[in-house]
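Overview (structure and organization)
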Amino acid sequence: MDDLYREVIIEHYKNPDHRGRLDPHDISFEDENPLCGDHIRIDLRVDEDGKITDVAFDGHGCAISQSSADLLLDSVLGKTVDEVKKLTKADVLDLLGIELGPVRLKCALLPLKILKAGVYGLGEASDSLVEDE
Amino acid sequence: MSEMYKVENKLGAIRADFPILSREVRPGVPLIYMDSAATSQKPEAVIEAMNRYYRWTNANIHRGVHALAEEATAMYESARERIARFIGAGKAREVVFTRNTTESINLVAYTWARKFLSKGDLIVLSEMEHHSNLVPWQILAAEKELRLEFIHVTDEGEFDQESYQGLLEQHPKLVSITHVSNVLGTINPVKEMIVQAHTVGARVLIDGAQSVPHMPVNVKELDADFLAFSAHKMLGPTGIGALWAREETLEAMPPFLGGGEMIKRVYLRTFTPNEIPHKFEAGTPAIAEAMGFGAAIDYLNEIGMDTVAAYESDLVKYGMEALGQVKGLRILGPAADRRCALMAFTMEGAHPHDVAQILDMDGIAVRAGHHCAMPLHDRYNIPASTRASLYLYNTRAEIDQLVISLGKVNKLFN
Ligand SMILES: Cc1ncc(COP(=O)(O)O)c(C=O)c1O
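Residues numbered from 1 in each chain as written. Chains lettered and ligands numbered in written order. Predicted model: local features only at pLDDT ≥ 70, side-chain atom pairs only at ≥ 80, totals over all residues. Heavy atoms only, no water.

**Some words on the layout of surface pockets**
Of the voids in this model, the largest pocket is the one considered here, and its volume is about 440 Å³. What lines the largest pocket is a set of 21 residues, and nearest its centre among them are Gly101(A), Val103(A), Arg104(A), His353(B) and Gln357(B). Within the residue set of the lining of the largest pocket, elements represented by two or more residues are helix 5 (102–120) of chain A together with helix 12 (352–361) and strand 16 (367–369) of chain B. Class assignment of the residues belonging to the lining of the largest pocket gives a composition of ten nonpolar, six polar and five charged. (1 Å grid on protein atoms, 1.4 Å probe; cavity = no way out; pocket = protein on both sides within 12 Å on 5 of 7 lines; lining within 4 Å. Points joined across faces, edges and corners; volume = space filled by probe spheres on them. Helix = DSSP H or I, 4+ residues; strand = E, 2+ residues; numbered from the N terminus. Nonpolar A, V, L, I, M, F, W, Y, C, P; charged D, E, K, R; others polar.)

Following this line, the structure appears as structure tokens:
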């Protein structure tokens, strides 16, 4: 439990690498977690080969959701859209390096949910995007 | 001062009455429960009353002549009588058992308001209402084309009385407001506001979810028209609450849910409703919970609501001062002398969810989020807050630990 606020999480929360907005962008999606009011918007630029060349996130929320967004975007930079579609809950937890209870898991997975809804071009984000098969 | 002494004297005994308070959250980490505004803990007497019912009396009520049914019915109705007396109601039949505050408010919306309000009529609510005193009216307003207006809340966390006066000039049919805010802690001057509402012919519903558990509330003195409250916030069980209204008002209201118990006579195509309060209690009610509710009332009576209020007022004064020392912490709502024993706050650089999580590491249970009052958080332009809500079993020592643990939050985030 004490590990929850590992240094890397606090660091990415306080000094995120990818906070901001991209204008113009190729993909943009936002959503919130109604439970805690966490709100995140993710913008992406994608080149003609489907590779992600620029990333940014904006919004507000707890250290878990915000650092998860920053770490996740860091990890998808240079990846293709198809690779992003394959990302799972386990990938996010690996990035964060922590174990989470059901409530905080929602915070951690919000960025992935938004990212996947964006690359799939969905109208609405759904929890099924981040559930294990 | 002597009230303070009375409770402090009994305090050790009070804490021992609540089995859960002696548990550890994790090995070596005792529970510090500061989430009583969400639901209070239950004393042994309440748990035992429900147990006893299931072990000794269990039977359905109002429909049997056997010994158990008679006993269960008498106990159920005795709980109603004690609740009525507790809130100063003239008659037990003025107390309707519901599931909770939410259902009590919905009952008024779906029966009284649906019958007596019509297109264009105005209902006055406020910006500090719990969702349960907003959404039922939104649903009804959409159905019947009613108007909803809202008393503004000042920066200090109190009703803007000027905006209230302005709304009264528009002759509302109903004013439905909370007695005590579950976020700001504000004790609203509802008595004066009821007088003013009555002068323009409006009825008044008081959401007593956060007041009835913590201070003496007397419906006659208040002269309210409806009072809604929940057992689980006042040491009683979940699943039961109450609605109080005057006999004449209840008589004039159509029934709520249809089914057994709420009828006098049923034909294939019609029915005649039962007398009040049974008219509003369709189906088998929460019988064991009524026993628990009654036991909670007895317990609070034993201590005395004046004593509870005095103790909590002292505790919140101490708490406000203590939290005031924490760097970057901002408490929502008014000064200690105008509030109940709950403190919602924000902390610079730390999200409420993270604050709550870090407190939890030290066994401190607080709530983070919007506390079912999203519009109020919008009003103050904050997405969420952390809330420590206290009751008669909390101590100054627990507040001291809260302050220490909040220091850890600052160390981590600032
Ligand atoms: C002011 C207020 N009103 C209404 C409610 C709803 O109570 P319940 O959930 O018991 O229906 C609450 C409890 O959260 C409250 O604090």
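**Points about the interface of chain B and chain A**
Each partner contributes residues to the interface: chain B has 18 residues there, and chain A has 19 residues. Of all residues in chain B, His353(B), Gln357(B) and Met361(B) give up the largest surface area on contact with chain A, accounting jointly for 36% of the area buried on that side. Across the contact surface, chain B and chain A share one salt bridge. Across the pair Arg104(A) and Asp354(B) runs a salt bridge, and its minimum N-O distance is 2.9 Å. The interface formed by chain B and chain A holds seven residue pairs in polar contact (both at pLDDT 80 or more) in total. Secondary structure elements with two or more residues in the side of chain B that touches chain A: helix 12 and helix 14 (396–413) of chain B. When residues of the side of chain B that touches chain A are assigned to their parent elements, the largest contribution, six residues, is made by helix 12 of chain B. (Contact = heavy atoms within 4.5 Å. Buried area = accessible area lost by both parts, 1.4 Å probe. Salt bridge = Lys/Arg side-chain N within 4 Å of Asp/Glu carboxyl O. Polar contact = N/O pair within 3.5 Å; in protein donor to acceptor, adjacent residues only side chain to side chain.)

**A look at the state of the cysteines**
Within this structure, the stated rule accounts for zero disulfides over all chains. Not part of a disulfide, Cys107(A) finds its nearest cysteine sulfur in Cys62(A), a span of 3.8 Å. (Disulfide = S-S within 2.5 Å.)

**Re the side chain of Asn182(B)**
Residue and element names in this part refer to chain B. Of note, Asn 182 is situated in the loop between strand 7 (174–178) and helix 7 (190–199). For Asn 182, a relative accessible area of 6% corresponds to the buried category. Among the polar contacts listed, one links the side chain of Asn 182 to the backbone oxygen of His 371, at a separation of 2.9 Å. Those residues in contact with Asn 182, other than ones at most four positions away along the chain, are His 130, Gln 210, Leu 342, His 371 and Arg 387. (Buried < 20%, exposed > 50% of the residue type's maximum accessible area, 1.4 Å probe, protein only.)

**Details of the pairing of strand 8 (residues 203–207) of chain B**
All names here are of chain B. Burial of strand 8 is extensive: four of the five residues sit out of reach of the surface. With respect to chirality, the unit in which strand 7 leads through helix 7 into the neighbouring parallel strand 8 is right-handed. Inspection of the sheet shows strand 8 paired to strand 9 (residues 226–230) by three bridges, in the parallel sense. Note on strand 9: the bridge partner recorded for Leu 205 is Phe 226. (Right-handed = clockwise from strand over helix to strand, strands pointing away. Pairing = 2+ DSSP bridges.)

**Observations regarding the confidence of the model for chain B**
Averaged over every residue, the pLDDT of chain B is 95; residues scoring 70 or more account for 97%. At the level of chain-chain contacts, confidence expressed as ipTM amounts to 0.85, with global pTM at 0.93. (pLDDT = per-residue confidence, 0-100.)

**Some words on empty space enclosed by the protein**
Residues and elements named next belong to chain B. This model, assessed by the stated rule, comprises one cavity of 30 Å³ or more. Each pocket or cavity is described by its volume, and for the largest cavity that value is around 30 Å³. Around the largest cavity, the lining residues are Ala 37, Gln 210, His 214, Glu 312, Cys 340, Ala 341, Leu 342, Ser 389 and Leu 390. Grouping the constituent residues of the lining of the largest cavity by class yields five nonpolar, three polar and one charged.

**Remarks on the site of the ligand**
Residue and element names in this part refer to chain B. The environment of the ligand is formed by 13 residues, the closest being Thr 102, Asp 207, Gln 210, Ser 230 and Lys 233. Side-chain polar atom of Gln 210 to an oxygen atom of the ligand: 2.7 Å apart, as the coordinates give it. In this structure, Lys 233 approaches the ligand through a side-chain N or O atom, which is 2.7 Å from an oxygen atom. The fraction of the free accessible surface of the ligand (400 Å²) that becomes covered by protein chains is 89%. Its residues assigned to classes, the shell around the ligand comprises one nonpolar, ten polar and two charged. (Near = heavy atom within 4 Å. Areas by Shrake-Rupley, 256 points an atom, 1.4 Å probe, with all protein chains shown as cover.)

**Regarding the pattern of salt bridges**
Counted according to the given criterion, the structure contains 31 salt bridges over all chains. Here Asp58(A) ties to Arg19(A) by a salt bridge, and the two come within 3.7 Å at their closest N and O atoms. Remark: Arg19(A) occurs in the loop between helix 1 (7–14) and strand 1 (27–33) and Asp58(A) occurs in strand 3 (residues 52–60); sequence separation between them is 39 residues. Accessibility expressed as a relative area gives 38% for Arg19(A), which makes it partly exposed. Here Glu103(B) ties to Arg99(B) by a salt bridge, and the two come within 2.8 Å at their closest N and O atoms. Salt bridges here are not isolated pairs; linked through shared partners, they connect Asp31(A), Lys106(A), Lys113(A) and Asp127(A).

**What about the domain arrangement of chain B?**
Residues and elements named next belong to chain B. Parsing chain B into structural domains produces domain 1 (3–30 + 304–413) and domain 2 (47–302). The interface is formed by 35 residues belonging to domain 1 together with 35 residues belonging to domain 2. A buried area of about 2,700 Å², summed over both sides, lies between domain 1 and domain 2, and 60% of it is on carbon and sulfur atoms. Area buried by domain 1 at its contact with domain 2 is led by Met 305, Leu 376 and Tyr 391, which between them contribute 22% of it. If you look at where domain 1 meets domain 2, you find three salt bridges. Between Arg 379 and Glu 127 there is a salt bridge, with its nearest N and O atoms 3.6 Å apart. In this assembly, domain 1 and domain 2 are joined by 18 residue pairs in polar contact (both at pLDDT 80 or more). (Domains from an automatic or database assignment.)

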